[in-house]
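An overview of the molecular structure
What follows is the residue order along each chain.
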Amino acid sequence: MDYVISYYSEAVELEILDLPDTLAAQYLMLSRRMVVIGPNLGEPHTKAMGGGLFELRLKGAEGIARVLYCTQVGRRIVTLHSFIKKTDHTPKRELEVAQVRFKEIRNENA
């Protein structure tokens, strides 16, 4: 049985689809793999961020992007946030956005 990828909101889905071409293509390729294999593709493609939060690591001709997601019961992957990476470390603000959304989802399913 395959995994299902859903989005925190339609805005999050549109942000991902609006990524520069090579980054959007990388997302599509890796997300298809996640549907079949599961949320942990291993480095360099995915990385655990702690507390149940993960990042999908995208790299293309236009730069680097990250898509933050969590997993839910029932083989469900929820995409929470995406951003273009401009520094070596994930900016605290970007991580906080994903953490707040993750808490909302976890509370809805509790």
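Provided above is the structure to which this section pertains.
Residues numbered from 1 in each chain as written. Predicted model: local features only at pLDDT ≥ 70, side-chain atom pairs only at ≥ 80, totals over all residues. Heavy atoms only, no water.

1. Here's the deal with the packing of aromatic side chains
Evaluated as defined, the whole model comprises one aromatic pair. Ring centres of Phe 54 and Tyr 69 lie 5.6 Å apart, and the angle between their planes is 20°; this geometry places the pair in the stacked category. Remark: Tyr 69 occurs in strand 4 (residues 63-72) and Phe 54 occurs in strand 3 (residues 53-60); sequence separation between them is 15 residues. Given a relative accessible area of 24%, Phe 54 falls into the partly exposed group. Over the ring of Tyr 3 we find Arg 75, and its NZ or CZ is 4.2 Å from the ring centre. The lysine or arginine in question, Arg 106, covers the ring of Phe 102, its NZ or CZ lying 4.9 Å from the ring centre. (Phe/Tyr/Trp six-rings, centres within 6.5 Å; stacked < 30°, edge-to-face > 60°. Helix = DSSP H or I, 4+ residues; strand = E, 2+ residues; numbered from the N terminus. Buried < 20%, exposed > 50% of the residue type's maximum accessible area, 1.4 Å probe, protein only. Lys NZ or Arg CZ within 6 Å of the ring centre and 35° of its normal.)

2. Here we look at unusual backbone geometry
A cis geometry characterises the amide bond from Glu 43 onward to Pro 44, with omega recorded as 15°. Considering the arrangement of structural elements, one finds Pro 44 in the loop between helix 2 (21-37) and strand 2 (46-50). Although it is not a glycine, Arg 75 adopts a positive phi angle of roughly 60°. With respect to the helices and strands, Arg 75 occurs in the loop between strand 4 and strand 5 (76-85).

3. Comments concerning the side chain of Glu 55
Residue position: Glu 55 is located in strand 3. Classification of Glu 55 as buried rests on a relative accessible area of 2%. Side chain to side chain, Glu 55 and Arg 57 meet in a polar contact 3.1 Å long. Each residue touching Glu 55, except ones within four places of it in the same chain, is listed here: His 45, Thr 46, Lys 47, Met 49, Arg 66, Val 67, Leu 68, Tyr 69 and Thr 90. (Polar contact = N/O pair within 3.5 Å; in protein donor to acceptor, adjacent residues only side chain to side chain. Contact = heavy atoms within 4.5 Å.)

4. Here's the deal with the pattern of salt bridges
Counted according to the given criterion, the structure contains four salt bridges. For Arg 57, the salt bridge identified is with Glu 43, shortest N-O distance 3.7 Å. Placement of Arg 57 in strand 3 and of Glu 43 in the loop between helix 2 and strand 2 is noted, with a sequence separation of 14 residues between them. Two residues, Arg 57 and Glu 55, come together in a salt bridge whose shortest N-O distance is 3.1 Å. Of the two residues, Arg 57 and Glu 55, neither departs from the other in class, the shared state being buried. Among the ionic contacts, a cluster of salt bridges with common partners joins Glu 43, Glu 55, Arg 57 and Arg 66. (Salt bridge = Lys/Arg side-chain N within 4 Å of Asp/Glu carboxyl O.)

5. Some remarks on the sheet that holds strand 4
The five strands are arranged 1-5-4-3-2 in an open sheet whose pairing can be described as mixed. Strands at the two margins of the open sheet, each flanked by one partner only, are strand 1 (4-7) and strand 2. Averaged over neighbouring strand pairs, the angle between their axes works out to 35° when direction is ignored. The pairing of strand 3 with strand 4 spans eight bridges and is antiparallel. When the bridges of strand 4 are listed, Gly 60 appears paired with Gly 63. (Pairing = 2+ DSSP bridges. Axes fitted to C-alpha atoms, helices over the stretch in contact; angles between N-to-C directions.)

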